[in-house]
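If you want the building blocks of each chain, they are given just below.
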Amino acid sequence: MTTVLTDNPVGIHALVWTGAWDESSARDAMRRTATAGYDLIEVPLLDPGLVDATMTRELAVEHGLTTRFSTGLGPDTDISSDDADVVAAGAHLLERAIEVVAQSGSDFLGGVISSAMTKYTRLPTATGRANAVAVLREVADRAADHGITLGLEVVNRYESNLVNTADQALALVDDIGRDNVGVHLDLYHMNIEERDLAGPVRRCAEARRLVHVHVGESHRGYLGTGSVDLVGLFRALHDVGYVGPLVFESFSSVVVSEAFTTALGIWREPWQDADDLARHARQTIATHAHAAASHLVTDRRS
Ligand code: MN
């Protein structure tokens, strides 16, 4: 056995703790992330101007954490638009985001970066898709200068019209044609759009393009209390030898970020105590990773 799933970095999305990123919010989020046993915090970067990269880097070092970043383009910065001005605005935002990621000492930008993160009222167009490919090629080259990998997050049909399945993401990644662009999978979205969870994991891994995984429930609350097949997912991640981060993502209207709340439709409170939620998720991820590894050992000995 060359890899053990229990060795993967385990992360948590900052919106479990806070919808802001001023120094006191960031410090509080980092402290609670480390206390709950995580290795990594994922920082949302909807507006790169609102994230102080130096502060983020110093706090992460202080708390012994690594950082990864994710963002979602908006209708005014949609690189899959047919409108050249909108595409240019999206390209500019992504390039600013890469600067923040680099200055924060991070190696990754994921999220909905191939289209807007919104409910579309139109079909994607060939021109728009080609625009997204061209922009992501340039952004990938800029990212490569800093050793940064881009992850195209696969999200459900109400949050993008361009990339709803892993196979669509793989096709887009192929068209972009850069080594530092991969697929960012999210169980919550996969549970809505994919036929199963193991197949997409296998296909992304076989293409050597699986770069980031969001672990989330069907209702985005406590892990193990929804309909997501965590056993099947962890077994698949283990079997393909995935060594990247497992990042717990959960949203409740208890923690509010203006942009995220409306874009993701966070209208309810699946939890109130973020510390309890985070500890539980960390334990659940450890338990499933351990179980997946044990499963393989048992099979080999029988
Ligand atoms: Mn996600």
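Right, let's walk through the structure included here. (Residues numbered from 1 in each chain as written. Predicted model: local features only at pLDDT ≥ 70, side-chain atom pairs only at ≥ 80, totals over all residues. Heavy atoms only, no water.)

By volume, the largest pocket amounts to about 310 Å³. Lining the largest pocket are 13 residues, with A205, R208, L210, G241 and Y242 positioned closest to its centre. Those elements that provide at least two residues to the lining of the largest pocket are α7 (198–206) and β7 (210–215). In terms of residue class, the lining of the largest pocket is built from 7 nonpolar, 2 polar and 4 charged. Of the voids in this model, the second largest pocket is the one considered here, and its volume is about 270 Å³. G19, A20, W21, P44 and L50 are, among the 16 residues lining the second largest pocket, the residues nearest its centre. (1 Å grid on protein atoms, 1.4 Å probe; cavity = no way out; pocket = protein on both sides within 12 Å on 5 of 7 lines; lining within 4 Å. Points joined across faces, edges and corners; volume = space filled by probe spheres on them. Helix = DSSP H or I, 4+ residues; strand = E, 2+ residues; numbered from the N terminus. Nonpolar A, V, L, I, M, F, W, Y, C, P; charged D, E, K, R; others polar.)

Moving on: the pairing of strand β2 (residues 40–44). In terms of residue burial, β2 counts as a mostly covered element, since 5 of its 5 residues are buried. Burial of β2 is two-sided: the residues L40, E42 and P44 facing one way and the residues I41 and V43 facing the other way are all buried. Relative to β2, strand β1 (residues 10–13) runs parallel, the two being bridged by 3 bridges. Considered in β2, the bridge of I12 is made with I41. For the crossover that starts at β1, traverses helix α1 (residues 23–35) and ends in the parallel β2, the hand is right-handed. Sheet topology places β2 next to strand β3 (residues 66–73); 5 bridges connect them, and they run parallel. Counterpart to P44 in the pairing with β3 is S70. Viewed along the sheet, the connection from β2 through helix α2 (residues 53–63) into β3 turns out right-handed. (Buried < 20%, exposed > 50% of the residue type's maximum accessible area, 1.4 Å probe, protein only. Pairing = 2+ DSSP bridges. Right-handed = clockwise from strand over helix to strand, strands pointing away.)

Attention shifts here to the packing of α1 against α2. It is at 10 Å that the axes of α1 and α2 come closest, and there the two elements cross at 30°. Accordingly, the angle class assigned to the pair α1 and α2 is roughly parallel. Where α1 crosses over α2, the handedness of that crossing is right-handed. Contacts between α1 and α2 involve E23, A26, R27, M30, R31 and A34 from the first element and M55, T56, L59, A60, E62 and H63 from the second. Of the residues that constitute the contact of α1 with α2, the class distribution is 6 nonpolar, 2 polar and 4 charged. (Axes fitted to C-alpha atoms, helices over the stretch in contact; angles between N-to-C directions. Parallel < 35°, antiparallel > 145°, perpendicular 65-115°, else oblique. Left-handed = near helix turned anticlockwise from the far one by under 90°. Contact = heavy atoms within 4.5 Å.)

As a further point, take α1. The terminal C-alpha atoms of α1, which comprises 13 residues, lie 18 Å apart, in line with the 18 Å expected from a rise of 1.5 Å per residue. The complete set of buried residues in α1 reads S25, A26, A29, M30, R32 and T33. Where α1 terminates, the next one or two residues include G37, which has phi positive at roughly 95°. (Expected span 1.5 Å × (residues − 1).)

As a further point, take the pairing of strand β4 (residues 108–116). Of all 9 residues in β4, 9 are buried, a share of seventy percent or more. Sheet analysis places β3 next to β4, joined by 5 bridges and oriented parallel. Looking across to β4, one finds that F69 is bridged to L109. As a crossover connection, the stretch from β3 through helix α3 (residues 84–103) into β4 is right-handed. Pairing of β4 with strand β5 (residues 149–153) involves 2 bridges; the strand directions are parallel. The residue of β5 that forms the bridge with F108 is T149. Regarding topology, helix α4 (residues 126–145) serves as the crossover connection from β4 to the parallel β5, and that connection is right-handed.

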